[in-house]
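So the chains spell out like this:
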Amino acid sequence: FKVPTGNIPYPIFLFVALVPWMFLTSSISAATGSIMANATLITKVRLPREILPMTAISSKMIDLALSTIVLIFFLVIYQIKFQPTLIFIPVIFIVQLFLIFGISFFLSATNVFFRDVENVLGVFLAFWMYLTPVLYPSELIPESFKLLFFLNPMTGIINSYRDVILYGNFPLGLDFLYSTIFSLSILVSGLLYYRKRFPYFADVI
């Protein structure tokens, strides 16, 4: 699969994007079903409102840590220079977390009332991946589609991970700024939606 990656070997180019993408998909999938998987706790125990989806997401950080160790190993094997811009990784990760939490609050609450959400989520996430520059660089997208392409919040996040890890660039582009604003917006709106639906969970379950 030959794509323009500069001087970066394609396996590394791909893996740098796959690690955060796999964290996103596994976290959202786990969080979406977290309330139904713990239905007895909702009906019998008084819990903080957001604890179940947040716990599901937190548990996936162990997988993320292991994947990151493997990524570091391959960076060393392929002799990829460690850039000073690596210090921006926590900033990008926090923005990604905002996006994950926001989507998870929406989906986990909706899944209580519409159980098919959990069933179709896998198809949606797979489709979303092909709309995100995980397998390919953003440069391959035709100019006429780029505006629509960059409306995807994960585009700026994935590009920023590659920029700081592989190319030593600062994540100061408009795409990352948009991803940050979008992620904050979805976090706030998702949390408000979740809290509005939470009082009815026990009745529906």
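So, a few notes on the structure that sits alongside this text. Model, not experiment: these values are computed from the prediction. (Residues numbered from 1 in each chain as written. Predicted model: local features only at pLDDT ≥ 70, side-chain atom pairs only at ≥ 80, totals over all residues. Heavy atoms only, no water.)

Residues V70, F73, F74, I77 and Y78 make up a contiguous nonpolar surface patch of roughly 450 Å² in combined accessible area. Judged by relative accessible area, which is 36%, V70 ranks as partly exposed. (Patch = residues over 30% accessible without salt bridge, like charges linked within 9 Å, V, L, I, M, F, W, Y side chains within 5 Å. Areas by Shrake-Rupley, 256 points an atom, 1.4 Å probe, with all protein chains shown as cover. Salt bridge = Lys/Arg side-chain N within 4 Å of Asp/Glu carboxyl O. Buried < 20%, exposed > 50% of the residue type's maximum accessible area, 1.4 Å probe, protein only.)

Before going further, it helps to spend a moment on the packing of aromatic side chains. Following the criterion strictly, the structure yields 17 aromatic pairs and no others. Geometrically, the ring pair formed by Y178 and F182 is tilted, given 5.9 Å between the ring centres and 45° between the ring planes. Here Y178 pairs with F182, and both are found in helix α10 (residues 174-197), just four residues apart, close to one helical turn. Here the basic side chain of R162 rests over the ring of F13, its NZ or CZ set 3.6 Å away from the ring centre. Taking NZ or CZ as reference, R197 lies 5.2 Å from the ring centre of F113, over its face. (Phe/Tyr/Trp six-rings, centres within 6.5 Å; stacked < 30°, edge-to-face > 60°. Helix = DSSP H or I, 4+ residues; strand = E, 2+ residues; numbered from the N terminus. Lys NZ or Arg CZ within 6 Å of the ring centre and 35° of its normal.)

Let us look at unusual backbone geometry. Despite not being glycine, Q79 has its phi angle at roughly 55°, a positive value. Tracing the backbone shows Q79 in the loop between α5 (61-77) and α6 (89-113).

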